[in-house]
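What the coordinates show
One-letter residues, chain by chain:
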Amino acid sequence: MNAAQPDTVVLVHGLWMTPRSWEAWVDHLQAKGLTVVTPGYPGFEIEVEALREDPDLIARLTVPETVDHLAGVIEALPSKPIIMGHSFGGTLTQLLLARGLGAAGVVIDSAPTEGVRVNPLSQARSLFPALKNPANRHRAVGFTPEEFHYAFTNTLSEEESRQVWERYAIPAPGHWVWEYGLFANFKPGPQETWVDYAADRAPLLFIAGSEDHIMPPSVNRSNAKHYDRSPAVTEYYEFEGRDHWTCGAEGWQEVADHALAWAQKHASSDKPVA
């Protein structure tokens, strides 16, 4: 056990979302005495409503500039934080840990890094709104309330799902879905979501929900298994009955507390071990 636990948690949001999606977690973790940082992607400092009005900003976004931006935020902190990412924020968290950042990482319903070839039917159906038109590769692509209900909030009622969609949902960069959800595994050489699965890094926990349509448990299990050759701690945990909106749906506190307890237990540090 480390002599001093990390006192900062960095929460990285996923696609179709903004830092607002973490609002309940911020209050919950701050009440435990932690400093909580919720960096947006470059340009996402504005509110959900403003992003909906300027989708071109989203369409132009790239993964390298996003990882660089998040890395800059983390490197400016006084000590290594715990990094937690949801959905594509899980991919970004893995890329950040691969850079040597963070004392521990937790990825929740994570989108996969390159090399994970599991593509369940529910995932294909969830991503179809972005993939159905090749022109979407150059656009910001949003979900209708009905598409969002299937992909994100399938354990909620239609009314509950609509409320989540209205408060949190924004379009996502179409080329991210096409490139990293479809073509990355078919291109020669490492792409932008590649990590060295055999390398050492901070401990990493994968959390999945049994009812997640867009990033099902099989995707997360496969992603975690890719790290079998790494000397670093890698673990997998699955919550029964939870969908992709697990960080906001009723009972989210259990997910938050499990993620935090695991990260604090396994956190690495540059400080001497007690």
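Now for a quick tour of the structure. (Residues numbered from 1 in each chain as written. Predicted model: local features only at pLDDT ≥ 70, side-chain atom pairs only at ≥ 80, totals over all residues. Heavy atoms only, no water.)

**Looking at the packing of helix H4 (residues 63–75) against helix H5 (residues 88–98)**
- H5 packs onto H4 with a crossing angle of 65° between their chain directions and a minimal axis gap of 10 Å. One finds that H4 runs roughly perpendicular with respect to H5. Seen along the crossing, H4 lies across H5 with a hand that is right-handed. In this structure, H4 uses Val63, Thr66, Val67, Leu70, Ala71 and Ile74 to contact H5, whose residues at the interface are Phe88, Leu92, Leu95 and Leu96.
- Here the contact of H4 with H5 is composed, by residue class, of nine nonpolar, one polar and no charged. (Axes fitted to C-alpha atoms, helices over the stretch in contact; angles between N-to-C directions. Helix = DSSP H or I, 4+ residues; strand = E, 2+ residues; numbered from the N terminus. Parallel < 35°, antiparallel > 145°, perpendicular 65-115°, else oblique. Left-handed = near helix turned anticlockwise from the far one by under 90°. Contact = heavy atoms within 4.5 Å. Nonpolar A, V, L, I, M, F, W, Y, C, P; charged D, E, K, R; others polar.)

**Considering the environment of Glu114**
- Within the secondary structure layout, Glu114 lies in the loop between strand S4 (104–108) and helix H6 (121–131).
- On the accessibility criterion, Glu114 (10% relative accessible area) is buried.
- Placed 78 residues apart in sequence, Glu114 and Glu192 show a C-alpha to C-alpha distance of 8.1 Å. (Buried < 20%, exposed > 50% of the residue type's maximum accessible area, 1.4 Å probe, protein only.)

**Side note on the sheet that holds S4**
- Read from one edge of the open sheet, six strands run S2-S1-S3-S4-S7-S8, paired in parallel fashion. Of all strands in the sheet, those with a lone pairing partner are strand S2 (35–37) and strand S8 (234–239), marking the two edges. On average, adjacent strands in this sheet sit at an angle of 20° to one another, irrespective of strand direction.
- Here four bridges tie S4 to strand S7 (residues 204–209), and the two strands are oriented parallel to one another. Paired with Ile108 across the bridge in S7 is Ile207. (Pairing = 2+ DSSP bridges.)

**Here's the deal with the packing of aromatic side chains**
- Across all of its chains, the model carries 13 aromatic pairs by this definition.
- Summarising the aromatic geometry, the rings of Tyr237 and Phe239 are spaced 4.9 Å apart at their centres and angled 70° between planes, so their arrangement reads as edge-to-face.
- Clustering of aromatic rings is evident, with ring pairs tying together Trp16, Phe143, Phe148 and Phe152.
- Taking NZ or CZ as reference, Arg125 lies 3.8 Å from the ring centre of Tyr150, over its face.
- Its guanidinium or amino end placed over the ring of Tyr227, Arg201 lies 4.4 Å from that ring's centre, counting from NZ or CZ. (Phe/Tyr/Trp six-rings, centres within 6.5 Å; stacked < 30°, edge-to-face > 60°. Lys NZ or Arg CZ within 6 Å of the ring centre and 35° of its normal.)

**Here we look at the pairing of strand S3 (residues 82–86)**
- Judged by how many residues are buried, S3 sits mostly within the fold: five of five residues are covered.
- Here S3 shows no split at all, with Ile82, Met84 and His86 on one side and Ile83 and Gly85 on the other all buried.
- Examined bridge by bridge, strand S1 (residues 8–12) and S3 share four bridges and lie parallel to one another. Residue Val9 lies in a different strand from S3, and its bridge partner there is Ile82.
- Note that S3 and S4 share five bridges and pair parallel.

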